[in-house]
Amino acid sequence: MKEVNLYTDGSSLGNPGASGYCALLEYFLPSGEPLYIQKSGGEKYSTNGRMELKAVVEGLSLLREPCVVTIICDSKYVCDSIDVYLQGWIDKGFKDVKHTDLWGEYMRLTSQNKIITKWVKAHSGHSQNEHCDRVAKENARYYQ
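Please read all numbers here as calculations on a predicted model, not as lab measurements.

K.L.:
Lay out the pattern of salt bridges in plain terms, naming residues and giving numbers.
P.N.:
Under the criterion given, the structure shown has 7 salt bridges. With a closest N to O distance of 2.6 Å, Arg-108 and Glu-105 form a salt bridge. Here Arg-108 and its partner Glu-105 are both found in helix H3 (residues 100-110), 3 residues apart, which amounts to about one turn of the helix. Between Asp-133 and Lys-137 there is a salt bridge, and its shortest N-O distance comes to 3.3 Å. In this pair, Asp-133 and Lys-137 are both assigned in helix H4 (residues 127-142), 4 residues apart and thus about one turn of the helix distant. Assessed through its relative accessible area of 28%, Lys-137 is described here as partly exposed. Sharing partners across several salt bridges, the network here consists of Lys-39, Lys-54 and Glu-58.

K.L.:
Describe in detail the packing of aromatic side chains, supporting the description with residues and values.
P.N.:
Inspection of the entire model under this criterion finds 5 aromatic pairs. Residues Tyr-77 and Trp-103 carry aromatic rings whose centres are separated by 6.3 Å and whose planes lie at 70 degrees to one another, so their mutual orientation is edge-to-face. Taken together, the residues Tyr-77 in helix H2 (residues 76-91) and Trp-103 in helix H3 connect sequence positions 26 residues apart. Between Trp-103 and Tyr-106, the ring centres sit 5.5 Å apart and the planes meet at 75 degrees, which makes this aromatic pair edge-to-face. Residue Trp-103 and its partner Tyr-106 are both found in helix H3; the two are separated by 3 residues, about one turn of the helix. The burial state of Trp-103 is the same as that of Tyr-106; both residues are buried. Cluster of aromatic residues (ring-pair linked, three or more members): Tyr-77, Tyr-85, Trp-89, Trp-103 and Tyr-106.

Parameters and conventions
- Residues numbered from 1 in each chain as written.
- Predicted model: local features only at pLDDT ≥ 70, side-chain atom pairs only at ≥ 80, totals over all residues.
- Heavy atoms only, no water.
- Salt bridge = Lys/Arg side-chain N within 4 Å of Asp/Glu carboxyl O.
- Helix = DSSP H or I, 4+ residues; strand = E, 2+ residues; numbered from the N terminus.
- Buried < 20%, exposed > 50% of the residue type's maximum accessible area, 1.4 Å probe, protein only.
- Phe/Tyr/Trp six-rings, centres within 6.5 Å; stacked < 30°, edge-to-face > 60°.

Structure, rendered in structure tokens:
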């Protein structure tokens, strides 16, 4: 399976409020050269947590074959939900869980992939995370 990195970030001005997200998919060609594909957007009224998860889902939707995907984001909500809580939510039928539509889409999109999460501290100089942060905020401002 190919290995890819998925950098994501979400933003909400007002939380809830005008919101944006960015997903940056990174794949290294056999030459070692990186190839990037980006998907971003926003909503008139949403939350930061929803946009963080939306970025992951939209990034995963870019995949065209099963991959080992390392999701690299600054959202503890996303990383902990995937690594710690998701199986319990599934077992309980997603009772009292927010964003079930997105979690359902996440599960559909990841059924053939191996997922690894890596949390990075926000605004710590990580270039791809900083890029996603800027794009997500620009998208949120667009929806103001």
